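Analysis of the macromolecular model
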Amino acid sequence: MRKSRYRLRPVTLLVSAALIIGIGLPTYSAHALVDHTRFAPPTASTIKNATSVEFKLQGVFIGMDKQQLIKQLGEPARKDISEYGFEWYIYNQDYKQYLQVGVSDNKVVGLYTNSRDWKSASGIHAGSTKKEVAAAYGPSLTEIKKGRTVYKYNNSKGNYSLHQIGDVFATVFYDTHRQNTVSSIQLIAQDTELSFLGYYGKPSERLRSSFEQQVFDLTNAARAQNGKKPFVWNDTIASTARKHSADMAKRSFFDHRNPDGKTPFDRMKADGVGYKQAGENIAAGQASAILVYESWMNSKGHRDNILGDFARLGVGVAFGGKMNVYYTQNFYTPKS
C-alpha cells in the first residue's frame, strides 16, 4: 500500500481515499482575551442594505417569521440541531436547490446553500469572483469580538471570505477548482453569531446525527450540481465510518490506518461490506458539517471521492479527542 497525505491507493483496488486536518480551514481557529480591541465597524458598502434585502435564498431571508418560511417553502424534510443551538430546517427534496434554514424563536437566523440559483441585491452569485465580492462587501474580516474574546479566522488558503453586512455575518465560500469563484454561502444573524461562544457546539447524539445527515446531503447536493447520481445511504458502512471516527477520538490519532495497522478496507471487510471499489475521506477539527464539506470540496483527493463513481455512502461522526470532532466518509460500490 502506498500512502501520501492526500491519497491512499491499494495496489489491487481502484480506490482513492483522502485525509485532511483542521488547519487553515474556515473554522474559528484561535482566540485571545482582550479588554481593548474594538471590532471594526462595517464600511459604507457593507451597511447599504439590510440582509433581508441583500440576500434572499429561494425567497427566504434572515429575520423572516417561521410561518412565512413554511408558507414559502413548505415543511422541511427534517429538522437538525446546529452547533449554534438553533434548528436547521433541511430542504433536500431537490438537491440542485439544496437549502438549510436556521430557525430560532420562530425567526430565521441562519441560511446556507450550495445551489447555483441565487443572487444578492448587489449582484453577487454563485460564480462571482473574489474581486467582485470584495467590491460589494469590502475586505474579509479576520476576527470577530464577542464580549471580551476575539475570535480570529485563519484563512491562509483563501477558501472563504467573511463579511458583516448589516445585521448578518456572511461567509462566502470559493471553489479553488473553478478559478476561486463563489460556490456557496452561509448567513448567520448577528445576535446569533455574537452569542455563540467557543468554537464547537455542545456534543450530543442529536448533533452527531445531524452532522452525519448533513454531510450526506451536502455530498449529494454537490453531485447534483456536477451531473452525478446521488449516493444511497448504507447503515452498515455508516457504522464502519462512525467506529473509525470514535477510534480516532479515543486513541488520539488521525489516519486512515489505525494503530493496529488496519486500513479502511480491512474495517469494511470485518463489518461484512463486500465491494468492488471503495474509498474513504476523513477530517478533524471542523466545527460543522458545512465546514467539513467545504474543506473536502477544495481538496482534490476528497473531491474526487465525493464526485466519484461509487454507489453507496455512510458517514460517521464522533466528538472528543484532541481535535474535538472527527468525521469519516466511507464510499463503496457493492460486488455484482
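Residues numbered from 1 in each chain as written. Predicted model: local features only at pLDDT ≥ 70, side-chain atom pairs only at ≥ 80, totals over all residues. Heavy atoms only, no water.

**What about the overall build of the chain?**
- A tally of helices and strands in the chain yields nine helices and 17 strands.
- Put simply, the chain has 336 residues, and 54% of those count as buried.
- Roughly 14500 Å² of accessible area belongs to the chain as shown, and the carbon and sulfur atoms make up 51% of that amount. (Helix = DSSP H or I, 4+ residues; strand = E, 2+ residues; numbered from the N terminus. Buried < 20%, exposed > 50% of the residue type's maximum accessible area, 1.4 Å probe, protein only. Areas by Shrake-Rupley, 256 points an atom, 1.4 Å probe, with all protein chains shown as cover.)

**As for the nonpolar core**
- By size, the foremost hydrophobic cluster in this structure holds 74 residues, and its most contacted members are Val101, Leu111 and Leu187.
- The element best represented in this core is helix 5 (residues 205–225), accounting for eight residues.
- Judged by nonpolar contacts, the second largest core, of seven residues, contains Ile237, Phe265, Val273 and Ala278. (Core = buried A, V, L, I, M, F, W, Y, C linked by side-chain atoms within 4.5 Å.)

**Remarks on the environment of Asn305**
- Inspection of the secondary structure puts Asn305 in helix 9 (residues 300–306).
- In this structure, the C-alpha to C-alpha distance between Asn305 and Asn281, residues 24 residues apart in sequence, is 7.5 Å.
- Within polar-contact distance, the side chain of Asn305 engages the side chain of Asn281 at 2.9 Å. (Polar contact = N/O pair within 3.5 Å; in protein donor to acceptor, adjacent residues only side chain to side chain.)

**Considering the layout of surface pockets**
- Each pocket or cavity is described by its volume, and for the largest pocket that value is around 240 Å³.
- Lining the largest pocket are 19 residues, and of these Asn114, Arg116, Asp175, Arg178 and Ser183 sit closest to its centre.
- Contributions of two or more residues to the lining of the largest pocket are made by strand 12 (168–175), strand 13 (181–189), helix 5 and helix 8 (289–297).
- Looking at the lining of the largest pocket element by element, the count peaks at four residues for strand 13.
- Across the lining of the largest pocket, the residue classes tally to six nonpolar, eight polar and five charged. (1 Å grid on protein atoms, 1.4 Å probe; cavity = no way out; pocket = protein on both sides within 12 Å on 5 of 7 lines; lining within 4 Å. Points joined across faces, edges and corners; volume = space filled by probe spheres on them. Nonpolar A, V, L, I, M, F, W, Y, C, P; charged D, E, K, R; others polar.)

**Some remarks on unusual backbone geometry**
- The phi angle at Asp105 is positive, at roughly 50°, despite the residue not being glycine.
- Along the chain, Asp105 falls in the loop between strand 7 (99–104) and strand 8 (107–113).
- Even without being a glycine, Asn324 presents a positive backbone phi close to 75°.
- Here Asn324 shows up in the loop between strand 16 (312–319) and strand 17 (325–334).

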